[in-house]
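A closer look at the structure
In case you want the letters, here they are:
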Amino acid sequence: MDLRGFRHVILDRDGVLNSEAEDSGYVRDPAEFHWLPGALEGLAILRRAGLYLSVATNQAGVGRGLVSLEQLAAIHARMQAEASAHGGGLDAVLVCPHAHEAQCACRKPAPGLIQEAITRSGITARESLVVGDDPRDLEAARRAGVAAALVRTGKGRQTEQLPRAAGVPVYDDLLQLARALAAGRPSVQ
Ligand SMILES: [Mg+2]
Ligand SMILES: [Zn+2]
């Protein structure tokens, strides 16, 4: 995959930016949001390389009544503030708050959230790259007609073994992917 054509990265959240919550599987409070090693640095590298940064995340805990919209807003405010403080501010954070049973069009593997990220960015699907750790991320990207890359954080090591991941480029973590994406690009600031 030629990484130089990408201008927009659509990042999954849990397992790519932060570690997945241990008990319920849902980050319910800003204090439970723990950045993965290298993730903040990776965001800063992507930003300096001039890439538009979206986050597209399934948060079924909201639809299941385990996380309130207020809690989710507080978690994302902290995520945004810390990313910005490290030079890796996020341009857009898109959430599917629906439970699986809702059968919505946005919950990955449906393509809705990825399509929304593309519309908001004003950058074409061809210049966008989905980065995830879960087969649902890969499937959502495929259905939206967007290229995908996998990281070996979160569920990434298991996902890498699946037939679905064949041909998908894999990186150890967001930092390694960011360095590969930034290679050969002029620094913006
Ligand atoms: Mg994930
Ligand atoms: Zn949804």
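Up top is the structure.
These lines cover the structure that appears in this document, whether it is placed above or below. (Residues numbered from 1 in each chain as written. Chains lettered and ligands numbered in written order. Predicted model: local features only at pLDDT ≥ 70, side-chain atom pairs only at ≥ 80, totals over all residues. Heavy atoms only, no water.)

With respect to the helices and strands, the residue Ala110 is situated in the loop between β3 (92-96) and α4 (112-121). Exposure remark for Ala110: the relative accessible area of 9% places this residue in the buried category. Taking the C-alpha atoms as reference points, Ala110 and Ala141, separated by 31 residues in sequence, lie 8.7 Å from one another. The residues touching Ala110, leaving out its near neighbours within four places in the chain, are Cys104, Ala105, Ala140 and Arg143. (Helix = DSSP H or I, 4+ residues; strand = E, 2+ residues; numbered from the N terminus. Buried < 20%, exposed > 50% of the residue type's maximum accessible area, 1.4 Å probe, protein only. Contact = heavy atoms within 4.5 Å.)

Next up on the list: the coordination of the zinc ion (ligand 2). The protein atoms that coordinate the zinc ion (ligand 2) are Cys96 (SG), His98 (ND1), Cys104 (SG) and Cys106 (SG), at distances spanning 2.0 to 2.3 Å. Taken together, the 4 donor atoms coordinating the zinc ion (ligand 2) span angles of 102 to 117° at the metal, a pattern that classifies the geometry as tetrahedral. Donor residues for the zinc ion (ligand 2), ordered by position in the chain, follow C-x1-H-x5-C-x1-C. Of the residues examined, Cys96 reaches a relative accessible area of 0% and is grouped as buried. Given the relative accessible area of 30%, His98 is considered partly exposed. (Donors = N, O, S within 2.8 Å, 3.2 Å for Na, K, Ca; no water. Tetrahedral: all angles 85-135°; square planar, octahedral: opposite > 155°, others 65-115°.)

Turning next to the nonpolar core. Grouped together as the largest cluster of nonpolar side chains are 35 residues, with contacts concentrated most on Trp35, Leu43 and Leu181. For this core, the elements supplying multiple residues, two or more each, are β1 (8-11), α1 (39-48), β2 (52-58), α3 (69-85), β4 (128-132), β5 (147-151) and α7 (174-182). For this core, the element with the most residues is α7, which contributes 6 residues. Each residue touching Leu43, except ones within four places of it in the same chain, is listed here: Leu11, Leu17, Trp35, Leu53, Ala83, Gly88, Leu90 and Leu174. Among the nonpolar cores identified, the runner-up in size contains 19 residues, and Ala56, Cys106, Ala141 and Ala165 belong to it. (Core = buried A, V, L, I, M, F, W, Y, C linked by side-chain atoms within 4.5 Å.)

This part takes up α7. Buried within α7 we find Leu174, Leu175, Leu177, Ala178, Leu181 and Ala182. One face of α7 carries all of its buried residues, which in axial projection span an arc of 160°. On its buried face, α7 is in contact with β1, α1, β4, β5 and β6 (170-171). Gly184 sits one or two positions beyond α7 and adopts a positive phi of about 80°. (Arc of directions from axis to C-beta.)

Around the magnesium ion (ligand 1), the protein supplies Asp12 (OD), Asp14 (O) and Asp133 (OD) as donor atoms, at distances of 2.0 to 2.2 Å. For the magnesium ion (ligand 1), all donor residues lie on one chain, and their spacing in sequence is D-x1-D-x118-D. Here the residue Asp12 occupies a position in the loop between β1 and α1, and Asp133 occupies one in the loop between β4 and α5 (135-144), the gap between them amounting to 121 residues. Residue class for Asp12 comes out buried when judged on its relative accessible area of 8%.

Before going further, it helps to examine the packing of aromatic side chains. In total, this model carries 1 aromatic pair according to the counting rule given. Note on Phe33 and Trp35: the rings are 5.1 Å apart at their centroids and 80° apart in plane angle, and the pair reads as edge-to-face. Since its relative accessible area comes to 0%, Phe33 is described here as buried. Residue classification places Trp35 among the buried positions, given a relative accessible area of 17%. (Phe/Tyr/Trp six-rings, centres within 6.5 Å; stacked < 30°, edge-to-face > 60°.)

Estimates place the volume of the largest pocket at around 340 Å³. The wall of the largest pocket is formed by 20 residues, among which Asp14, Glu20, Asn58, Arg136 and Lys155 lie closest to the centre. Listing elements by their share of the lining of the largest pocket, those giving two or more residues are β2 and α5. Residues of the lining of the largest pocket, tallied by class, amount to 4 nonpolar, 5 polar and 11 charged. (1 Å grid on protein atoms, 1.4 Å probe; cavity = no way out; pocket = protein on both sides within 12 Å on 5 of 7 lines; lining within 4 Å. Points joined across faces, edges and corners; volume = space filled by probe spheres on them. Nonpolar A, V, L, I, M, F, W, Y, C, P; charged D, E, K, R; others polar.)

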